[in-house]
Amino acid sequence: MDRIYEKLAAIVGKEFISNAPEERYLYARDQGVQQASAPDYVVMPDSTEEVRQIVLLANEERIPVVPMGGALVLSGLTIPLRGGIVLDMKRMNRILEVNEASHYVVVEAGASHGMLQAYLKKHHPAVKHSVPDAPPVATVGGNMAIHGSGHLSQSEGGFHSEMVTGLEVVLGTGEVLKLGSCSTVPKWFSRAPLPDLAGLFLGWNGTTGVITKIGMKLFPSPKLKDVMMFMTEDIDSVTDILFRVIGTEMAEDIAFFVSPMPAYFDGFQLLMVSVVANSEKEMRMRKELIRDSVQSYLDDKEAGFLPLPPHMKVKLVEAPQKNLSEFADVMKGGGFEYVGAIMPVEAIPEAYRAGLKITEKYNITYSMGARVVGRGHSVMFYYAYPFNRADKENMGTVAKALEETNEAALEMGGIPWKTEVSGQQLILERMEPGTYHLMTQIRKLLDPNGIMNPGNWEVRS
């Protein structure tokens, strides 16, 4: 009898642990091109106390622990590189508190964005949260932990990690902590004015602890939604157009994209500007100010707004946008890589040209684009490469394109987002030695036995 299995079963119950080959096969991989690596156990805890007991056991036995949300990261961050326990957090999906007056919600880390969105629409229609362009099963904890972004990232405060108001975490030692105002008073309204420790668990790929609860900002939810589509053939004008539209402060979300499909869009740069309002009068005013901001382009007939029939708008005002998910399986066979890079807004033309060069070199299909973050402080530029998992040659080609894309992003002054281990190595090679030294010291302090998602954010020996 497997001694560790029995101990884990005693914590979570036998129906919520598995070491069956078929379960280990599924949890050994994601939808991307990273090499599979099977866990020894898959465990689904139901409470912070169960997470704590699992981590204590893992510490005692020196077993790696890999926290997992919706398993949609695509870059292998939840693949257990050194085996051990995959901690599937989806049972911890409770919505614990909604505070409309102070605009925050407290959820367990495994709560999905789809679940939270549906709950708020039904019970608190006056408020909403920022929704990533991911399948609804994407978890709040997973998306926060990777510095995800969403449809309110342009207008309401930046990356989702910047919308965190508090955290509950279980350290690699088994110690349970609260961070933010909830550490001192019962409410989860803010990380300020206390020393900000939440960053020790955001962007670390689960190497410093397990996030179990999250306080997150909510925002007003206006009644009306509309979308404007601006089209140009000049990639070098995109930065200026974005600057003008952002400057109106009338847009909720601003996204730029290019795609060779459908064919009639090939060669055009498209900007989708989402607008919300509480009345038809306010909506007209907002759209008029946005139109005025780019009037010189309209006068010169260098660009223009694309008329959108009502049935197209219905799809375009959705959050999340389903277009990218639909594009993900365009090659059939269930393979998709979504390479993101956080970069300055002015890098968009260079990022676009680099993407074209890479896709032409490897003869692969693509979709590229960018979401404005934090009112133009940066963009999340994405390169989407679908592939057929049954075609090994196709997978190998996309893997090479992925690596070259990461290198190109760094060369142009961006930083690969939620990147796989090889991309992390590229970042660490360029990182200030003092910064990496501090990272290793923090990990040793929070996880002295090195059990938390080992293999990530480590310099290869």
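Before reading on, note that the structure itself is shown above.
Residues numbered from 1 in each chain as written. Predicted model: local features only at pLDDT ≥ 70, side-chain atom pairs only at ≥ 80, totals over all residues. Heavy atoms only, no water.

Now for the nonpolar core. Membership of the largest hydrophobic core comes to 57 residues, with the highest contact counts inside it found for Leu8, Leu167, Ile211 and Ile214. For this core, the element with the most residues is helix α1 (residues 3–12), which contributes six residues. If sequence neighbours within four positions are ignored, Ile214 has contacts with Val105, Val106, Val107, Ala109, Val140, Gly141, Met144, Gly166, Leu167 and Trp188. If you look at the next biggest cluster of nonpolar residues, it comprises 54 residues, including Val33, Val258, Val345 and Ile348. (Core = buried A, V, L, I, M, F, W, Y, C linked by side-chain atoms within 4.5 Å. Buried < 20%, exposed > 50% of the residue type's maximum accessible area, 1.4 Å probe, protein only. Helix = DSSP H or I, 4+ residues; strand = E, 2+ residues; numbered from the N terminus. Contact = heavy atoms within 4.5 Å.)

Contact geometry for helix α11 (residues 348–362) and helix α12 (residues 392–411): axes closest at 10 Å, N-to-C directions at 155°. If you check the angle between α11 and α12, you find them roughly antiparallel. The two elements α11 and α12 meet at a crossing, and its hand is right-handed. In contact with Ala354, Ile358, Lys361 and Tyr362 of α11, α12 contributes Thr397, Lys400, Ala401, Glu404, Thr405 and Ala408. Grouping the amino acids of the contact of α11 with α12 by side-chain chemistry returns five nonpolar, two polar and three charged. (Axes fitted to C-alpha atoms, helices over the stretch in contact; angles between N-to-C directions. Parallel < 35°, antiparallel > 145°, perpendicular 65-115°, else oblique. Left-handed = near helix turned anticlockwise from the far one by under 90°. Nonpolar A, V, L, I, M, F, W, Y, C, P; charged D, E, K, R; others polar.)

By volume, the second largest pocket is sized at about 500 Å³. Lining of the second largest pocket is provided by 20 residues; of these, His147, Leu202, Gly203, Ile415 and Trp457 occupy positions nearest its centre. Secondary structure elements with two or more residues in the lining of the second largest pocket: β19 (415–417) and α14 (433–446). Split by residue class, the lining of the second largest pocket holds 14 nonpolar, five polar and one charged. (1 Å grid on protein atoms, 1.4 Å probe; cavity = no way out; pocket = protein on both sides within 12 Å on 5 of 7 lines; lining within 4 Å. Points joined across faces, edges and corners; volume = space filled by probe spheres on them.)

Next up on the list: the pattern of salt bridges. Under the definition given, this model contains 23 salt bridges. In this structure, the salt-bridge partner of Arg244 is Asp240, at a minimum N-O distance of 2.9 Å. Residue Arg244 and its partner Asp240 are both found in helix α6 (residues 238–248); the two are separated by four residues, about one turn of the helix. According to the relative accessible area criterion, Arg244 is partly exposed, its value standing at 28%. Several salt bridges converge on common partners, so that one network encompasses Asp46, Arg91, Arg94 and Glu108. (Salt bridge = Lys/Arg side-chain N within 4 Å of Asp/Glu carboxyl O.)

Turning our attention to α6. The complete set of buried residues in α6 reads Val238, Ile241, Leu242, Val245, Ile246 and Thr248. Summarising the axial view, the buried residues of α6 lie within an arc of 150°, below the 170-degree limit, and thus occupy one face. In α6, the exposed positions that point more than 90 degrees away from the buried face belong to Phe243 and Gly247. (Arc of directions from axis to C-beta.)

Strand pairs in the sheet, formed through backbone hydrogen bonds, run parallel or antiparallel to each other. In space, the four strands of this open sheet follow the order β1-β2-β4-β3, with mixed pairing throughout. Since the sheet does not close on itself, it has two edges, and those belong to β1 (17–18) and β3 (65–68), each with one partner. In this structure, strand β2 (residues 41–43) lies alongside strand β4 (residues 85–88), joined through three bridges in parallel fashion. Among the inter-strand pairings, Tyr41 is bridged to a residue of β4, identified as Ile85. Packing against the sheet, helix α3 (residues 48–61) makes contact with β2, β3 and β4, and its axis sits at approximately 170° to β4. (Pairing = 2+ DSSP bridges.)

Ordered in space as β5-β6-β10-β8-β9, the five strands form an open sheet in which the pairing is antiparallel. Taken across any chain shown, the strands that pair with only one partner, and hence form the sheet edges, are β5 (95–99) and β9 (176–180). On average, adjacent strands in this sheet sit at an angle of 15° to one another, irrespective of strand direction. Examined bridge by bridge, β5 and strand β6 (residues 104–108) share four bridges and lie antiparallel to one another. If you follow Asn99 over to β6, its bridge partner there is Tyr104. Across the sheet, α3 lies against β8 (164–171), β9 and β10 (209–217), angled at about 40° from β8, the strand it touches most.

Assignment of secondary structure puts Ser37 in the loop between α2 (21–26) and β2. Among the polar contacts listed, one links the side chain of Ser37 to the backbone oxygen of Leu81, at a separation of 3.4 Å. When neighbours within four sequence positions are excluded, Ser37 is seen to be in contact with Tyr27, Ala28, Ile79, Pro80, Leu81, Arg82 and Gly83. (Polar contact = N/O pair within 3.5 Å; in protein donor to acceptor, adjacent residues only side chain to side chain.)

Turning our attention to the pairing of β10. In terms of burial, β10 is largely enclosed, as eight of its nine residues are buried. Direction of pairing for β6 relative to β10: antiparallel, over a ladder of five bridges. Directly across from Glu108, in β10, lies its bridge partner Lys213. Two strands pair when backbone bridges link them, and β8 and β10 are joined in this way by seven bridges, in the antiparallel orientation. Residue pairing across strands places Val164 opposite Met216, the latter belonging to β10.

Our focus in this paragraph is the side chain of Arg443. Among the secondary structure elements, Arg443 is positioned in helix α14. For Arg443, a relative accessible area of 13% puts it in the buried group. Setting aside anything within four residues of it in sequence, one finds Arg443 in contact with Trp204, Thr207, Thr208, Pro448, Met452, Asn456, Trp457 and Glu458.

This part is about empty space enclosed by the protein. Applying the stated criterion across every chain, the model contains four cavities of 30 Å³ or more. Surrounding the largest cavity, 17 residues form its lining, His151, Glu252, Ser274, Val317 and Glu318 being those nearest its centre. A class-by-class count of the residues in the lining of the largest cavity yields six nonpolar, three polar and eight charged. Estimates place the volume of the second largest cavity at around 60 Å³. As for the second largest cavity, its lining consists of 14 residues, and the residues nearest its centre are Tyr338, Val339, Trp417, Thr419 and Glu420. Per-element tally for the lining of the second largest cavity: the top contributor is strand β16 (residues 334–343), with four residues. Its residues assigned to classes, the lining of the second largest cavity shows seven nonpolar, four polar and three charged.

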